[in-house]
Amino acid sequence: MNPLPRHLSLPISWEMLASHLDEAGFLWRQWKRVLVAPDHVLDDVAGVEARLLAHVDALVLAGRKAATRLLVPALAEADAPGRVECAALGLLLQEDALEAAVRSVLEVLQAGEEGPCAGIQAALLCAGGRGLESWLRPMVDASPSPGVLATLLEILGAWRVDPGPALEASLTHEAAQVRAAAFRCLRSWPVRLSESTLELGLRSSSAEVSGAALEAGLLAGSRRAWWECRRQVLEGGPHRQMALRALAVAGGPDAQKLLLEGLGDAARRTETLRVVGLVGTVETARACLEAMREPPWARMAAESFSLVTGMEVPAVAPGVESGDEEAAAEFAPEADLPLPDVPRLEAWWAEHASRFKPTVRFVRGRPLGQESLLDALREGSMYRRRSLWWAVALRTRGALGLGVGAWTRTQRAEEDAARRLPPARFAQSLEGGVGAWGGA
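As the structure is a computational prediction, the values presented were derived from the model and not from experiment.

### Some points on the packing of helix α1 (residues 14-34) against helix α2 (residues 42-61)
Stage number 1. Two elements in contact, α1 and α2, have axes whose closest approach is 8 Å; the angle formed by their N-to-C orientations is 155 degrees. If you check the angle between α1 and α2, you find them roughly antiparallel. When you trace α1 past α2, the crossing you get is left-handed. The residues of α2 that touch α1, namely those facing L17, H20, L21, E23, A24, L27, W28, Q30, W31 and V34, are V45, V48, E49, R51, L52, H55, V56, A58 and L59.
Stage number 2. Per-class residue counts for the contact of α1 with α2 are 13 nonpolar, 3 polar and 3 charged.

### So, the environment of R269
Stage number 1. Tracing the backbone shows R269 in helix α16 (residues 269-273).
Stage number 2. With sequence-adjacent residues up to four places away left out, R269 is seen in contact with G262, L263, G264, E294 and W297.

### Quick look at the state of the cysteines
Stage number 1. Under the defined criterion, the tally for this structure stands at 0 disulfides.
Stage number 2. Considering cysteine sulfurs only, C86 is the nearest to C126, which forms no disulfide, with 9.2 Å between them.
Stage number 3. With no disulfide partner, C185 has as its closest neighbouring cysteine sulfur the one in C117, 17 Å distant.

### Considerations on the nonpolar core
Stage number 1. Formed by 141 residues in total, the largest nonpolar core has its most connected members in W28, W31, L52, L124, L218, F305 and W349.
Stage number 2. The element that contributes the greatest number of residues to this core is helix α21 (residues 382-395), accounting for 9 residues.
Stage number 3. Here W31 is in contact with V45, V48, E49, L52, C126, G405, A406 and W407, once residues within four sequence places are set aside.

### Observations regarding the domain arrangement of the protein chain
Stage number 1. What the domain assignment reports for the protein chain is domain 1 (13-127), domain 2 (133-250), domain 3 (252-314 + 333-368) and domain 4 (370-430).
Stage number 2. On a C-alpha basis, the centres of domain 2 and domain 3 stand 32 Å from each other.
Stage number 3. Contacts between the two partners involve 11 residues from domain 2 and, on the opposite side, 13 residues from domain 3.
Stage number 4. Of all residues in domain 2, Q241, L244 and A248 bury the most surface against domain 3, accounting for 42% of the area lost on that side.
Stage number 5. At the boundary of domain 2 with domain 3, the tally comes to 1 salt bridge.
Stage number 6. A salt bridge links E271 to R240, with the nearest nitrogen and oxygen atoms 2.3 Å apart.

The rules behind each value
Residues numbered from 1 in each chain as written. Predicted model: local features only at pLDDT ≥ 70, side-chain atom pairs only at ≥ 80, totals over all residues. Heavy atoms only, no water. Axes fitted to C-alpha atoms, helices over the stretch in contact; angles between N-to-C directions. Helix = DSSP H or I, 4+ residues; strand = E, 2+ residues; numbered from the N terminus. Parallel < 35°, antiparallel > 145°, perpendicular 65-115°, else oblique. Left-handed = near helix turned anticlockwise from the far one by under 90°. Contact = heavy atoms within 4.5 Å. Nonpolar A, V, L, I, M, F, W, Y, C, P; charged D, E, K, R; others polar. Disulfide = S-S within 2.5 Å. Core = buried A, V, L, I, M, F, W, Y, C linked by side-chain atoms within 4.5 Å. Buried < 20%, exposed > 50% of the residue type's maximum accessible area, 1.4 Å probe, protein only. Domains from an automatic or database assignment. Buried area = accessible area lost by both parts, 1.4 Å probe. Salt bridge = Lys/Arg side-chain N within 4 Å of Asp/Glu carboxyl O.

In structure tokens, the structure reads:
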């Protein structure tokens, strides 16, 4: 969006521009919250997003003077969540003196201060596709500090821009944060992950590195990664939640057995209930119905039951308020899941259970397949969407399904791309993975 010609420009109201930045920061925090909220769908997120971008556009239209006087100084204000992100976006979207604006953002990034860097990373992730890769790729080869290199790898990987030879070199970097970022970057090119490199990552003493390696290995379809999932579950490893989610997506008798055993263990029940709905079988629906009778697990059990059966959860009370809604980092979305009316759900199941075949996997009451999975994704809450996108990512070997925190237009474009893929990419069981140790 080009600024007005100088002779038509109105005097700048600095008070109004400061208000635009404040409002943008507030809406950024709201946007991050609704991205994971169980009471919002993608259209709701798009509404918050449009309001956020309207304020950012006002900052962009104000041109070079506003960039220099207001936005560049705001890049250092990391104690106000959302402010750095929106100031950086306002600079990265400039049309007037774009080079100077981008340079001011990258100078702060290269300084390596943790607070501002995190905000700038978030803004860059959102601003991708404007030729910014031509700025970031040379920075990778310029021997930046470990923190900056890790940030660059994260951003380029999310943009699906190849960092070049530095990616493979970073997998054995002395700094754990760089190795972890390199493995996360590989999620976009899992075919480049060798078994030997994966093994080194999984055996790392850094939980961040081993977790990133496990995720990359799963997307690559590595049998070693699937075996590691089983070990994480059986031995209570630090990546058990990720392992449970992957096994739930894969399905099969052995995976279902592990998950149902988790429901029987009070120490593991919460993390198992978060993912068991992805299995989609009659047996898991019954187990969720049983877990619903115990108040501490009723909300998550009802959510998983709904994911399998398609029954909207009848609530007996509204969700618990989460407190400060501006603090997205402190928001606990599971607290806003509806408290189910268990007798009504039991009555519904008694009437409709016969139409669910024990040998079929279901999503939202339909046999699991490409169309039904993507329809559930489109219609589901943002809380549910994150699990379903993980299912899409696994089934497409990382080709799609990683942009759960992206703008809504990007998420919709990825969903459209997923619908165009051959149906074989959405097989009901991941034959290269859990099938290696007995899955369906």
